[in-house]
Amino acid sequence: MSQAVSPVEITTPKNTIPLKATNCQKNTTMNQNDESSRPNTPTPSEVIRKKKDVQRQLKQLAKPVVWRFVLALSVDWMVIVGAMLCAGMWPTWWVCLASVLVIGTRQHALGVLGHEAAHYTATRYRKANDAIGMLLCFWPIGGSLTGYRRFHQRHHRHLGTEHDPEMHFFQSDEWKIPVKTAAPVWRFIKGCLGMQILDYAKLIRSLLPKTKTEWVGIPIWWACFALILWVLDSLWLLGLYAIAIPTVFWALIELRGWTEHRGIAETHRYKTHWLFQQILFPHNVWMHYEHHQWCYIPFFNLPKARALDETTPVVQLRDVFEFLGETDHEAYARNNGSHLTLDHFSDQVLHCS
Ligand SMILES: [Zn+2]
């Protein structure tokens, strides 16, 4: 697969704080040496065998299963249609508000599935993969598969470096570390209210379509959607659907701006509550660490991929947010094998470290 980026392809970040050798690391080395003298230490042939076994399992996990993708997509769309039906049947302000919230979370879920299609993990038939990704994931959120794919491939290839296009987003003072405890929550609320609409517009400008098919297809898709709603005498629901994109959908994308790579050149490896997984981080998008390790593995197999790496620490989501606040950032990076990204920190922190 052309999009697959193995960990060795990811360039060493330039703009990072190198980790110092610590007593902790030295002790670890000593302990490893001690263990090597123990009788149950794996032999070189056992290590090679285990490595081959992991590679074999990764190969199995990398197979796209179209029905699983279509099932996830169908559930998301059913929730969207259900929320629109509710608003159509009981058009009170609070039902409409709840509908926008629900629609926005599922538009985000469509975006996550679109991300899968950008990695060719929906189905192994590339034309079908792209058709599904465009018609049912990207176009309904006003995005472009080809624009996103180009942007995102560069993100994987140059993660945490100045060539990573994501590094150019989230650079305003509000994103600088340390942030106040409630700052991400406040920003999320502001995002839901549409107050970050200019940042959303900035992203869309970076993801413009790369093919004529998409330049023509996106407006046609929206015209067809409007026509269906007009025939159903519910054209106003188009506004309800559309308003969720630069508000709730965008607020959720920004939330991931905090949790995925903020402050480090690699990826935060965290776990979170089941409810948050479903509402805020659908389709295992919270397993972003594993995605960056093996971006050719479909979303539904990421839990199995996670189980293959028992050595890299997994923190709680709240630990990630604590790291974004007033804390020992170097200790977090050291404990998790990460490198701090200078660009993400305020001058005040840099002068202290
Ligand atoms: Zn990706």
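Residues numbered from 1 in each chain as written. Predicted model: local features only at pLDDT ≥ 70, side-chain atom pairs only at ≥ 80, totals over all residues.

A. Summary view of the overall build of the chain. For the chain, the count of helices and strands is 17 helices and four strands. A buried classification covers 35% of the 353 residues belonging to the chain. Within the chain, contacts between residues at least 6 apart in sequence are counted, and of these 74% link residues at least 24 apart. (Helix = DSSP H or I, 4+ residues; strand = E, 2+ residues; numbered from the N terminus. Buried ≥ 20, exposed ≤ 12 C-beta atoms within 10 Å, placed from the backbone. Contact = placed C-beta atoms within 7 Å.)

B. Geometry of unusual backbone geometry. With an omega dihedral of 5°, the bond running from Ile 177 to Pro 178 counts as a cis peptide bond. Structurally, Pro 178 is set in the loop between α6 (145-157) and α7 (183-192). Despite not being glycine, Tyr 120 has its phi angle at roughly 60°, a positive value. Examined against the element boundaries, Tyr 120 turns out to sit in the loop between α4 (93-118) and α5 (126-138).

C. The nonpolar core, seen in detail. If you look at the biggest cluster of nonpolar residues, it comprises 60 residues, and the most contacted ones within it are Met 84, Ile 103, Leu 113, Ala 117, Leu 240 and Ala 244. Ranked by residues supplied to this core, first place goes to α4 with ten residues. With sequence-adjacent residues up to four places away left out, Ala 244 is seen in contact with Val 100, Ile 103, Gly 104, Gln 107 and Phe 249. (Core = buried A, V, L, I, M, F, W, Y, C linked by C-beta atoms within 7 Å.)

D. Looking closely at the packing of α4 against helix α11 (residues 245-259). Two numbers describe how α4 lies on α11: the axes approach to 8 Å, and their chain directions differ by 55°. Considering their axes alone, α4 and α11 lie oblique with respect to each other. With respect to the hand of their crossing, α4 and α11 are arranged in right-handed fashion. Across from Val 100, Leu 101, Gly 104, Thr 105, Gln 107, His 108 and Gly 111 in α4, the residues of α11 making contact are Ile 245, Thr 247, Val 248, Phe 249, Leu 252 and Ile 253. Its residues assigned to classes, the contact of α4 with α11 shows seven nonpolar, six polar and no charged. (Axes fitted to C-alpha atoms, helices over the stretch in contact; angles between N-to-C directions. Parallel < 35°, antiparallel > 145°, perpendicular 65-115°, else oblique. Left-handed = near helix turned anticlockwise from the far one by under 90°. Nonpolar A, V, L, I, M, F, W, Y, C, P; charged D, E, K, R; others polar.)

E. Spatial organisation of helix α10 (residues 236-243). Among all positions of α10, only Leu 237, Leu 240 and Tyr 241 are buried. Around the axis of α10, the buried residues are gathered within 95° of arc, so they sit on the same side. Residues of α10 that are exposed and point over 90 degrees away from its buried face: Trp 236 and Gly 239. If you follow the buried residues of α10, they end up packed against α3 (66-89), α4 and α9 (212-231). (Arc of directions from axis to C-beta.)

F. Region of interest: the environment of Gly 142. Following the sequence through the fold, Gly 142 ends up in the loop between α5 and α6. The spatial distance from the C-alpha of Gly 142 to the C-alpha of Leu 208 is 10.0 Å, given a sequence separation of 66 residues. With residues near it in sequence (within four places) discarded, Gly 142 still touches Ile 204 and Ile 245.

G. Inspection of the confidence of the model for the chain at higher detail. The share of residues in the chain with pLDDT of 70 or more is 87%, and the mean pLDDT across the chain is 88. Within the model, pLDDT remains below 50 along residues 1-37, and this stretch shows 44 contacts once partners closer than five positions in the same chain are excluded. (pLDDT = per-residue confidence, 0-100.)

H. Layout of the environment of Leu 198. Residue placement: Leu 198 occurs in helix α8 (residues 197-206). According to the C-beta neighbour criterion, Leu 198 is exposed, with 8 such atoms within 10 Å. Sequence separation between Leu 198 and Pro 246 is 48 residues, and the spatial gap between their C-alpha atoms is 9.0 Å.

I. Up close: α4. Compared with an ideal rise of 1.5 Å per residue, which puts 26 residues at 38 Å, α4 spans 37 Å between its outermost C-alpha atoms and is within 8% of the ideal. Within α4, 20 of the 26 residues are buried, which leaves it mostly tucked inside the rest of the structure. Count one or two residues on from α4 and you reach Tyr 120, which has phi positive near 60°. (Expected span 1.5 Å × (residues − 1).)

J. Fine view of the packing of α4 against α10. It is at 8 Å that the axes of α4 and α10 come closest, and there the two elements cross at 50°. In this view, α4 runs oblique relative to α10, as classed from their interaxial angle. Relative to α10, α4 is oriented so that their crossing is right-handed. Residues Cys 96, Ser 99, Val 100 and Ile 103 of α4 touch α10, and the partners they reach there are Leu 240, Tyr 241 and Ile 243.

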